[in-house]
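Breakdown of the fold
Now for the letters of each chain:
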Amino acid sequence: TKHKRNMATQPSGDNKPNHSHETECVWDYPRPPRLEKTSDRLQVYFNGELIADTTDGYRILETSHPPSYYIPPKDVKMEFLKPSSRHTFCEFKGEAGYWNLQVGDKEVSNAIWFYTNPTGQYTALKDHVCFYASKMEACYVDGEKVTPQQSDFYGGWITSWIDGGKKGIKGPPGTLFW
């Protein structure tokens, strides 16, 4: 169910959206996930540094999950990303690689994932990066600071317009096999 939300224009980064979004229920998202282009402003901060800033991203919408946002490398300060040896496999998108992130004296492992050869309908994600909000100082969608999806496995970004319905959002203990 979607409901129109009216939100005042706010400057980016003050924890309030800068335009209207309709409420989205994660249980209305499809499986397999839907890939969607987004012009929402996506920003990622780590150790006081703006690492990524784009209005040219994608989002993945999957049943029971908040959106995961993918940012093109042209809008990421790639000099702060260091290769990781970690690889995982997604049944829909294929093999994922990971980046560690280091800014100054602060480093976090496996903080970012990407697909060099995404499969099927997800080929547009090639080399785009997706940040674990839980490992960042702050992530924003249109000026609203996101709440990270619970768990170290999932990387969804929760905003005020994302609703978990009666069942909630996947991530907390007991939701692994939803």
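Read on for an overview of the structure. (Residues numbered from 1 in each chain as written. Predicted model: local features only at pLDDT ≥ 70, side-chain atom pairs only at ≥ 80, totals over all residues. Heavy atoms only, no water.)

Here we come to the pattern of salt bridges. In the structure shown here, the tally under the stated rule is eleven salt bridges. As a salt-bridge pair, Arg 59 and Glu 36 come within 2.7 Å of each other at their nearest N and O atoms. Here Arg 59 is found in strand 5 (residues 57–61), whereas its partner Glu 36 is found in strand 2 (residues 34–38), with 23 residues between them in sequence. On the basis of relative accessibility, which here comes to 7%, the residue Arg 59 falls in the buried class. Each of the salt bridges in this network shares a partner with another, and the network as a whole consists of Glu 24, Arg 34, Glu 36 and Arg 59. (Salt bridge = Lys/Arg side-chain N within 4 Å of Asp/Glu carboxyl O. Helix = DSSP H or I, 4+ residues; strand = E, 2+ residues; numbered from the N terminus. Buried < 20%, exposed > 50% of the residue type's maximum accessible area, 1.4 Å probe, protein only.)

For soluble globular proteins, nonpolar side chains are generally found buried alongside one another. If you look at the biggest cluster of nonpolar residues, it comprises 32 residues, and the most contacted ones within it are Leu 101, Val 129, Phe 131, Met 136 and Trp 157. Broken down by secondary-structure element, the contributors of at least two residues to this core are strand 3 (42–46), strand 4 (49–54), strand 8 (94–103), strand 9 (106–114), strand 10 (129–131), strand 11 (138–141) and strand 14 (157–158). Top element by residues in this core is strand 9. It accounts for four residues. Once residues within four sequence positions are removed from consideration, Phe 131 is found in contact with Val 44, Ile 51, Ala 52, Tyr 69, Ile 71, Val 76, Ala 111, Ile 112, Trp 113, Met 136, Gly 155 and Trp 157. Ile 60, Tyr 70, Phe 92 and Tyr 132 belong to the second largest nonpolar core, which has 14 residues in total. (Core = buried A, V, L, I, M, F, W, Y, C linked by side-chain atoms within 4.5 Å. Contact = heavy atoms within 4.5 Å.)

Taken as a whole, the largest pocket holds about 660 Å³ of empty space. Forming the walls of the largest pocket are 31 residues, and the residues nearest its centre are Glu 62, Cys 90, Lys 93, Phe 153 and Tyr 154. Those elements that place two or more of their residues in the lining of the largest pocket are strand 6 (68–70), strand 7 (81–90) and strand 8. With four residues, strand 7 is the largest single contributor of residues to the lining of the largest pocket. Considering only residue class, the lining of the largest pocket consists of 16 nonpolar, eight polar and seven charged. (1 Å grid on protein atoms, 1.4 Å probe; cavity = no way out; pocket = protein on both sides within 12 Å on 5 of 7 lines; lining within 4 Å. Points joined across faces, edges and corners; volume = space filled by probe spheres on them. Nonpolar A, V, L, I, M, F, W, Y, C, P; charged D, E, K, R; others polar.)

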